[in-house]
Amino acid sequence: MKIKKEFIIIGIVLLGFIIYQFVRPNDVIAIEEEKLAVEEKGLNYVYVDIKGEVELPGVYKLEDTLRIYEAIKLAGGITTNASVNGINLSSLVEDGSIIVIPNLEDKSHNFININLATVEMLITLPKLGESRAKGIIQYREENGYFKNKEEIMNVTGIGESIYNEIKDFITS
């Protein structure tokens, strides 16, 4: 049985039409428009390392408008052994920060970013009372962000011995 050329041509045209329906230029335009909308909104992204008692620990690329509780949700949520009592879940995520969700039995602190921490957060560190915490914030306001965590020893009242007590709990 011979197939006529006309049927082959009609078949090719129909196949082309079907493919066109699935890969339309309008879809490409819509994707480009979506990218432009994101750029117009001024969305920025940050990378956050989420560790400890979360279901899916790892490094996440997140919108910089997200809060810590939202980042934890994206990491699968907390485990049944997690303790979030010492974490300000309403804080904004910050680029390069570490969010550590401790175990209920863990007596250690979460990492505290000395460039962003409030007095309330700083006084949870060993050997730091309100006076030293305010000194850290004052130093930060006068000199800018700490370039590394060792620079905290430049704050009046924080020497090597206090630094050794807090160094495992802070980040800059």
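This text follows the structure it describes.
Note that this is a predicted model, so its numbers are computed, not measured.

### What about the pairing of strand 1 (residues 45–52)?
- Alignment of strand 1 against strand 2 (residues 58–63), held across 6 bridges, turns out to be antiparallel. The residue of strand 2 that forms the bridge with Ile 50 is Gly 58.
- Bridging between strand 1 and strand 3 (residues 98–101) involves 4 bridges; their strand directions are parallel. Across the sheet, Ile 50 pairs through a bridge with Ile 99, a residue of strand 3.

### Describing the pattern of salt bridges
- Applying the stated criterion across every chain, the model contains 2 salt bridges.
- Lys 51 is the salt-bridge partner of Asp 49, the closest N and O atoms lying 3.4 Å from each other.
- Salt-bridge contacts for Lys 134 lead to Glu 130; the nearest nitrogen and oxygen are separated by 2.9 Å. In this pair, Lys 134 and Glu 130 are both assigned in helix 5 (residues 130–143), 4 residues apart and thus about one turn of the helix distant.
- On the accessibility criterion, Lys 134 (46% relative accessible area) is partly exposed.

### Examining the environment of Tyr 69
- Tracing the backbone through its elements, the reader meets Tyr 69 in helix 3 (residues 68–74).
- Remark: the alpha-carbon pair of Tyr 69 and Leu 89, spanning 20 residues in sequence, is separated by 4.8 Å.

### Quick word on the packing of aromatic side chains
- For the coordinates displayed, the defined rule picks out 1 aromatic pair.
- With a centroid separation of 5.3 Å and 20° between ring planes, the pair formed by Tyr 139 and Phe 146 is classed as stacked. Assigned by exposure class, Tyr 139 and Phe 146 land together as buried.

Each value, and the rule that gives it
Residues numbered from 1 in each chain as written. Predicted model: local features only at pLDDT ≥ 70, side-chain atom pairs only at ≥ 80, totals over all residues. Heavy atoms only, no water. Pairing = 2+ DSSP bridges. Helix = DSSP H or I, 4+ residues; strand = E, 2+ residues; numbered from the N terminus. Salt bridge = Lys/Arg side-chain N within 4 Å of Asp/Glu carboxyl O. Buried < 20%, exposed > 50% of the residue type's maximum accessible area, 1.4 Å probe, protein only. Phe/Tyr/Trp six-rings, centres within 6.5 Å; stacked < 30°, edge-to-face > 60°.

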